[in-house]
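Listed below are the residues making up each chain.
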Amino acid sequence: MLDLLIVEDNAALRRALKIGLQAGGVVRVVGEAQTGEEALAYLRQAGALSAVLMDVALASAMNGIQAAVILRREFARLPVVFYSIQDDDAYYRDFLRSGILSHYAYVRKSNYLLPDSIVPLLQDAVSGRSFIDPEIEARVQQVRRKDENDPLALLEPNEQAVVALLAQGLTNDQIAARLGYHDARAVSRTNGQIYAAWGLSVSTTDDKVARTRASFIYNRRQLVVWDEDGTPLAADNRGELGPLEL
């Protein structure tokens, strides 16, 4: 018998999950919580149990991934089965950052939320195995590649602050005033560092064009290069340059 905590902020769904899971005689729902904070409070009082069934999108400060990280600090490798209907980069990014390696499953709600599908996932998580829905795995890897190629990663924090305002159309004087620079020429020098990091050298491109292209790169969060004809190119998933998909 698996003793389970359900973390779900939708009361009707939480009740349906409890009834459905307990009907099979394998799972006993011993606790319910609406938020990660409630889940942590419950576990601190009740002690370790078999597993947690966790919605990723919770109506609280923490999402389910963030909550699980905190839970597993106090209850090492606590088995957790995540489910989600949301397709948000932020959740996949949190999962990548979580460092969760085993004793888990992460599935799309529409694919696996029936009790007959959940119970094997819980059993596998308790046994130390892991499973990720192929659809979610594809999105996780897409976000990972996106972050690895984020042009902001090539800039220092002050350069990131400058290009964010540059992309809003502010002049160097306005950027200097906004960020508290003593001299707008410091902004110009910072722009030069941004252009160099992003391959927008003003030796071959005038400042107005470089500024426009820097804004374009910032807003797309994608490194782009322009050939001699002015055609924008970007790397595909294999790292090969090709026409930019707009």
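Residues numbered from 1 in each chain as written. Predicted model: local features only at pLDDT ≥ 70, side-chain atom pairs only at ≥ 80, totals over all residues. Heavy atoms only, no water.

(A) Spatial organisation of the packing of aromatic side chains. Tallied over the entire structure, the rule returns 6 aromatic pairs. Relative to F131, the ring of Y112 lies with its centre 5.6 Å away and its plane at 65°, an arrangement referred to as edge-to-face. Taken as a pair, Y112 in helix α5 (residues 109-112) and F131 in strand β6 (residues 130-132) lie far apart in primary sequence, 19 residues in all. The class for F131 is partly exposed, based on a relative accessible area of 29%. One aromatic cluster is present, formed by F82, Y92, F95, Y104 and Y106 through successive ring pairs. (Phe/Tyr/Trp six-rings, centres within 6.5 Å; stacked < 30°, edge-to-face > 60°. Helix = DSSP H or I, 4+ residues; strand = E, 2+ residues; numbered from the N terminus. Buried < 20%, exposed > 50% of the residue type's maximum accessible area, 1.4 Å probe, protein only.)

(B) Quick peek at the nonpolar core. One finds L5, V7, V52, M54, F82 and Y106 to be the most contacted residues of the largest nonpolar core, which totals 31 residues. Those elements that place two or more of their residues in this core are β1 (2-7), α2 (36-46), β3 (51-55), α3 (64-74), β4 (80-84), α4 (89-98), β5 (104-108) and α7 (134-148). The element best represented in this core is α3, accounting for 4 residues. Listed in part, the 25 residues of the second largest apolar core include A167, A176, Y195 and V224. (Core = buried A, V, L, I, M, F, W, Y, C linked by side-chain atoms within 4.5 Å.)

(C) Expanded view of the side chain of E8. You can see E8 is positioned in the loop between β1 and α1 (11-23). Here E8 occupies a buried position and makes no salt bridge, while the nearest side chain of opposite charge, K109, is found at 4.5 Å. Engagement of the side chain of E8 in a polar contact is seen with the side chain of Y83, the distance being 2.5 Å. With residues up to four places along the chain from it excluded, the contact list for E8 reads L13, R14, A33, Q34, D55, L58, Y83 and K109. (Lys, Arg positive; Asp, Glu negative; His and termini not counted. Salt bridge = Lys/Arg side-chain N within 4 Å of Asp/Glu carboxyl O. Polar contact = N/O pair within 3.5 Å; in protein donor to acceptor, adjacent residues only side chain to side chain. Contact = heavy atoms within 4.5 Å.)

(D) Looking closely at α3. Every buried residue of α3 is accounted for by G64, I65, A67, A68, L71 and R72. Looking straight down α3, one finds that the buried residues subtend no more than 155° of arc, so they occupy a single side. For α3, the elements touching its buried residues are α2, β3, β4, α4 and β5. Its side-chain oxygen placed 3.0 Å from the backbone nitrogen of I65, N63 serves as the N-cap of α3. (Arc of directions from axis to C-beta.)

(E) View of α4. Counting buried residues in α4 gives 7 out of 10 residues, a clear majority hidden from the surface. Within α4, burial applies to D89, Y91, Y92, R93, D94, F95 and S98. Contact partners of the buried residues in α4: α3, β5, β6 and α7. Regarding α4, its N-cap is D88, as a side-chain oxygen of that residue lies 2.8 Å from the backbone nitrogen of A90 further along. G99, located one to two residues past α4, shows a positive phi value of around 75°.

(F) Layout of the sheet that holds strand β7 (residues 225-226). In space, the 3 strands of this open sheet follow the order β7-β8-β9, with antiparallel pairing throughout. This sheet does not close on itself; its edge strands, each paired only once, are β7 and β9 (241-243). Across 2 bridges, β7 lies against strand β8 (residues 232-235) in antiparallel orientation. Among the inter-strand pairings, W226 is bridged to a residue of β8, identified as P232. (Pairing = 2+ DSSP bridges.)

(G) Layout of the pattern of salt bridges. Applying the stated rule across the entire model yields 12 salt bridges. As a salt-bridge pair, D147 and R93 come within 2.7 Å of each other at their nearest N and O atoms. Of the two residues, D147 sits in helix α7 while R93 sits in helix α4, which places them 54 residues apart along the sequence. With a relative accessible area of 28%, D147 lands in the partly exposed category. Measuring nitrogen to oxygen at the nearest pair gives 2.9 Å for the salt bridge that ties D124 to R129. The class for R129 is partly exposed, based on a relative accessible area of 46%. Residues participating in the shared-partner salt-bridge network are D87, D89, R139 and K146.

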